[in-house]
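Each chain, letter by letter, is given below.
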Amino acid sequence: MVMKKMRMRWVAMKGEEKKGRMKWVGLMVLSLASFSLFTHFLIAKYSEKQHSTFNPSSSSKSVPIFAWRPVFGSADLPRNSPLYKRLWGPVGELGSLYPHSNPRGPYFAPSLQSTGFIFVRIRGGFHEIRTAICDAVVVARLLNATLVIPEILSTTSSKGISLDFKSFAYLYNEDQFMAALAKDVNIVKTLPKNLKELRRQKAVPLFRVPNSASPYFYLHQVLPMLSKHSVVELVVSAGGCLQANLPPDLEEYQRLRCRVAFHALRFRNDVQELATKVLNRLRSLGRPYIAYEPGITREALAYYGCAELFQDVHTELIQHKRSWMLKRGMVRGNLSVDSYQQRLNGSCPLMPEEVGLILRAYGYRRDTVIYVSGGEVFGGQRILIPLHAMFDNVVDRTSLSTSWELKGIYGRENELADSISRAPPSVMEEKKREVWKNASPRPRPLPPPPARPKYPHNIEGWWGWVAESDNEPDSTVMELRTNAHKLLWEAIDYMISTEADVFISGFDRDGKGRPNFASLVMGHRLYQSAASVTYRPDRKEVVRFIDEVRVSMHQANRTWLSSVRGHLRKTLLDGLTEASNNSRPLSFLSHPIPECSCLRKKPASNTPLDSTSSTGFSPQASLGIKHSCPAWMGVSLNSRQKEKENDEDIYVDDAWIPAFFFGRSMENQGTSNGGSATREETPLDDQEELEGGDR
């Protein structure tokens, strides 16, 4: 008995000893695992700092985080080569133009004794908001009034956006806006309490301002009410609220517009930072890029009658929108329009494949980086497939940023209750059979099948209502929130487009027949860097070029290529004259010269830089710019003179045309033939460099 107890005690001791040993082993394993995880985190953090993919100072060229994987089939062109200068170099004839929007005559600071407060509410998209804000500042200066920070109706809290931002501050930097215009207009963030109460009681005079209202309207209708009530409210829903062309005695107000648009209106800091990150990621590759704005929106297609350029439900959507516009008198004409004729007349947007063809014909290689800007394209990514087939590096903001970076600029938004997907109802065969029995006397044919039940996933979105109703449903909170997000997306695209080496647009009109996002970008580029390459293709001419080779692309020859290239080069200068005649009367910001530009003179001479060229283009005669830049505007004159280029045409040998247009198919053949395609496309560039000069 004693031995048995001792044995049991010994077994218990051994079990406890074994358990203790296991505990120590487990503790050691956990410690090692924690140490390993901690080490991995340190290494990952160090690697992220030292080897950031898109750090401009980093030599790494890979893209491990973002969706874009750059594809470069050949080395970049030398910066001093004629071909590089022709494709990316500045326009020599515009090298003497510099931005100058400061006052040029007697200009007084705003009076402390203002006539009252102007409260502005703005409806519309990105370009309409930007234009309306500039006009509101000019109106406040004209009436000697105090401007309340405008309210952007698509960014109010009722639209489901974050409560961290006020309306104007959702898109722009309020403090920068007020500080930059301190010498021009008195600006406050809110109305005084007593006037707030009057506005809440709807006792404030309200004006629904017509598009492009004249100064006479404000001086003779708005000003008396402002003097009487000390406050007026303006509702701007048509873009600009002041006419684009002002009388000569109001020229300083035009320069005020430029100071607002190009200096005072800065995006809020986190949007500006993200746009800078995207720009740095584009620049880090060491190659220039093209910014392309398709301009393909449902409203513009409906306004100009371009429905038949699309198919199926997209055509129905465009026609539905056109019908809605006709009922409200927004557009004249018939519901059915010959879209083919509209396209031939240049009234429809250029499709991405058409823009891609003229860029390839001009000489841009297949590995050229193209940034697609301007918000969403009607028809989705399917419309951009041909462009992706012509160029390997077609990107947008989503390709160069992460989802959490984009979400970061939205702020803290409340979660919206998602629609619960319900299962389809069970089919009651007995009820169907009973209805069929009592339908009519026998004999009879089989009854028609019962109507297909509608489920929530069938009727949500445009694919449901367009076939069910003539009335477009009201926007959901999620759609209103997305519309506010689009303003931030377009803000990023605006910055990338203004800084691009080359900019080209497929369309320069919006759904109301006025200049659109692309027009503002081109106006900003004309003000900021007039010599930068900005193509303004004549859509009527481009359509004619495309139709010549649409059926049989192999028939493209030297004459066709020379015509396309000559046209694009011509639009660099002639497009300015056309914009002055067509866009300027509708939007000053689309063509802010001559009021906001000056000519830089040669040293010890009264002759402007680059005033003469082989094309005979003169900034003074063609653009009406007569004001000379002040002496304090120091610039590198020698570099400006070195940038001057000639306008000789560049021809290509017919032998290289197939490789030029069908480089991808030729490369596929070259895979089996020892890579002959790569050797074919390289001599084409050399041939161009030898045979031609610059633009």
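Residues numbered from 1 in each chain as written. Predicted model: local features only at pLDDT ≥ 70, side-chain atom pairs only at ≥ 80, totals over all residues. Heavy atoms only, no water.

- Looking up the protein in an unreviewed UniProt entry gives the name O-fucosyltransferase family protein, with the organism given as Opuntia streptacantha.
- Database annotation for the protein, UniProt heading Sequence similarities (unreviewed entry): "Belongs to the glycosyltransferase GT106 family."
- Entered under Subcellular location (unreviewed entry) in the UniProt record, the comment concerning the protein runs "Membrane". (UniProt positions renumbered as here; feature names shortened; annotations may be inferred.)

Details of the packing of helix 3 (residues 126-142) against helix 7 (residues 251-264)
Piece 1. Running from amino to carboxyl end, helix 3 crosses helix 7 at an angle of 135 degrees, the nearest separation of the two axes being 9 Å. Judged by the angle between their axes, helix 3 and helix 7 are oblique. The handedness of the crossing between helix 3 and helix 7 comes out as right-handed. Contacts between helix 3 and helix 7 involve Arg 130, Cys 134, Asp 135, Val 137, Val 138, Arg 141 and Leu 142 on the former and, on the latter, Tyr 253, Leu 256, Arg 257, Val 260 and Ala 261.
Piece 2. Of the residues contributing to the contact of helix 3 with helix 7, the split by class is eight nonpolar, no polar and four charged. (Axes fitted to C-alpha atoms, helices over the stretch in contact; angles between N-to-C directions. Helix = DSSP H or I, 4+ residues; strand = E, 2+ residues; numbered from the N terminus. Parallel < 35°, antiparallel > 145°, perpendicular 65-115°, else oblique. Left-handed = near helix turned anticlockwise from the far one by under 90°. Contact = heavy atoms within 4.5 Å. Nonpolar A, V, L, I, M, F, W, Y, C, P; charged D, E, K, R; others polar.)

Focus on the nonpolar core
For soluble globular proteins, nonpolar side chains are generally found buried alongside one another.
Piece 1. One finds Ile 118, Phe 177 and Tyr 218 to be the most contacted residues of the largest nonpolar core, which totals 89 residues.
Piece 2. When residues of this core are sorted by domain, at least three fall in each of domain 1 (117-266) and domain 2 (287-295 + 349-414 + 475-509 + 518-590).
Piece 3. Not counting residues up to four positions away in its chain, the partners in contact with Ile 118 are Val 139, Ala 140, Leu 143, Ala 145, Thr 146, Leu 147, Val 148, Leu 226, Val 232 and Leu 234.
Piece 4. Judged by nonpolar contacts, the second largest core, of 49 residues, contains Ala 530, Ala 531, Ile 546 and Ile 593. (Core = buried A, V, L, I, M, F, W, Y, C linked by side-chain atoms within 4.5 Å. Buried < 20%, exposed > 50% of the residue type's maximum accessible area, 1.4 Å probe, protein only. Domains from an automatic or database assignment.)

Concerning the pattern of salt bridges
Piece 1. If you walk through the whole model with that rule in mind, you get 24 salt bridges.
Piece 2. Between Arg 255 and Glu 252 there is a salt bridge, and its shortest N-O distance comes to 3.0 Å. Taken together, the residues span about one helical turn, with Arg 255 and Glu 252 both in helix 7 at a distance of three residues. Exposure class is identical for Arg 255 and Glu 252. Each is buried.
Piece 3. When salt bridges with common partners are traced through the structure, they connect Arg 121, Arg 199 and Glu 233 into a single cluster. (Salt bridge = Lys/Arg side-chain N within 4 Å of Asp/Glu carboxyl O.)

With respect to the side chain of Thr 534
Piece 1. Mapped onto the elements, Thr 534 comes out in strand 12 (residues 533-535).
Piece 2. You can call Thr 534 buried: its relative accessible area is 5%.
Piece 3. A distance of 2.9 Å separates the side chain of Thr 534 from the side chain of Arg 525, its partner in a polar contact. (Polar contact = N/O pair within 3.5 Å; in protein donor to acceptor, adjacent residues only side chain to side chain.)

Comments concerning the packing of aromatic side chains
Piece 1. As enumerated under the stated definition, the model contains 18 aromatic pairs in all.
Piece 2. Taken together, a centroid distance of 4.9 Å and an interplanar angle of 70 degrees make the contact between Tyr 303 and Tyr 304 edge-to-face.
Piece 3. Among the residues examined, Tyr 303 registers a relative accessible area of 24% and is labelled partly exposed.
Piece 4. Each residue in the set Phe 126, Phe 168, Tyr 172, Phe 177, Phe 267, Tyr 494 and Phe 517 is aromatic and connected to the rest through ring pairs, giving one cluster. (Phe/Tyr/Trp six-rings, centres within 6.5 Å; stacked < 30°, edge-to-face > 60°.)

A look at the sheet that holds strand 11 (residues 502-505)
Piece 1. Here we have five strands laid out as an open sheet, ordered 10-9-8-11-12, and parallel in their pairing. What marks the edges here is a single partner per strand, and that holds for strand 10 (393-395) and strand 12. On average, adjacent strands in this sheet sit at an angle of 20 degrees to one another, irrespective of strand direction.
Piece 2. As paired strands, strand 9 (residues 369-372) and strand 10 are joined by three bridges and run parallel to one another. Paired with Tyr 371 across the two strands is Val 395, which belongs to strand 10.
Piece 3. Against the sheet, helix 19 (residues 517-528) touches strand 8 (289-293), strand 11 and strand 12, its axis set at about 150 degrees to strand 11. (Pairing = 2+ DSSP bridges.)

Some points on the environment of Glu 299
Piece 1. Secondary-structure assignment places Glu 299 in helix 9 (residues 298-304).
Piece 2. Take Glu 299: its relative accessible area is 32%, and that puts it in the partly exposed class.
Piece 3. On a C-alpha basis, the gap between Glu 299 and Leu 317 in space is 9.9 Å, while along the polypeptide they are 18 residues apart.

Overview of unusual backbone geometry
Piece 1. Looking along the chain, the bond that leaves Ile 593 and enters Pro 594 is cis, with omega of 15 degrees.
Piece 2. Located in the positive-phi region is Asn 144, a residue other than glycine, with phi close to 55 degrees.

Thoughts on the state of the cysteines
Piece 1. Taken as a whole and assessed by the stated rule, the structure comprises three disulfides.
Piece 2. Linked covalently through their sulfurs, Cys 306 and Cys 348 form a disulfide whose S-S length is 2.0 Å. Looking along the S-S bond of the Cys 306-Cys 348 disulfide, the torsion reads about -100 degrees, which is the left-handed sense. Highlighted residues: Cys 306 in the loop between helix 9 and helix 10 (312-327) and Cys 348 in the loop between helix 11 (339-344) and helix 12 (352-362), separated in sequence by 42 residues.
Piece 3. Relative accessible area serves as the criterion here: at 3%, Cys 348 is assigned to the buried category.
Piece 4. Each sulfur of the disulfide joining Cys 598 and Cys 629 lies 2.0 Å from the other. One disulfide, between Cys 598 and Cys 629, carries an S-S torsion of 90 degrees and so falls in the right-handed class. With Cys 598 in strand 13 (residues 597-599) and Cys 629 in the loop between helix 22 (619-623) and helix 23 (637-642), the pair connects residues that are 31 residues apart, well separated along the chain. (Disulfide = S-S within 2.5 Å.)

What to know about the packing of helix 7 against helix 19
Piece 1. Two elements in contact, helix 7 and helix 19, have axes separated by 11 Å at closest approach and are oriented at 95 degrees. One element, helix 7, and the other, helix 19, form an angle in the roughly perpendicular class. Together, Cys 258, Phe 262 and His 263 of helix 7 and Gly 523, His 524 and Tyr 527 of helix 19 make up the contact between the two elements.

What about the confidence of the model for the protein?
Piece 1. Confidence in the prediction of the protein, expressed as mean pLDDT, is 78, and 72% of residues score 70 or more.
Piece 2. This stretch, residues 46-64, has a pLDDT under 50; its non-local contacts, to residues over four places away or in other chains, come to 22 contacts. (pLDDT = per-residue confidence, 0-100.)

As for the side chain of His 567
Piece 1. Inspection of the secondary structure assignment puts His 567 in helix 21 (residues 558-582).
Piece 2. Polar contacts involving the side chain of His 567 include one to the main-chain amide nitrogen of Asp 538, which spans 3.2 Å.
Piece 3. Once residues lying within four places of it in the same chain are set aside, the contact partners of His 567 are Pro 537, Asp 538, Glu 541, Val 542 and Phe 545.

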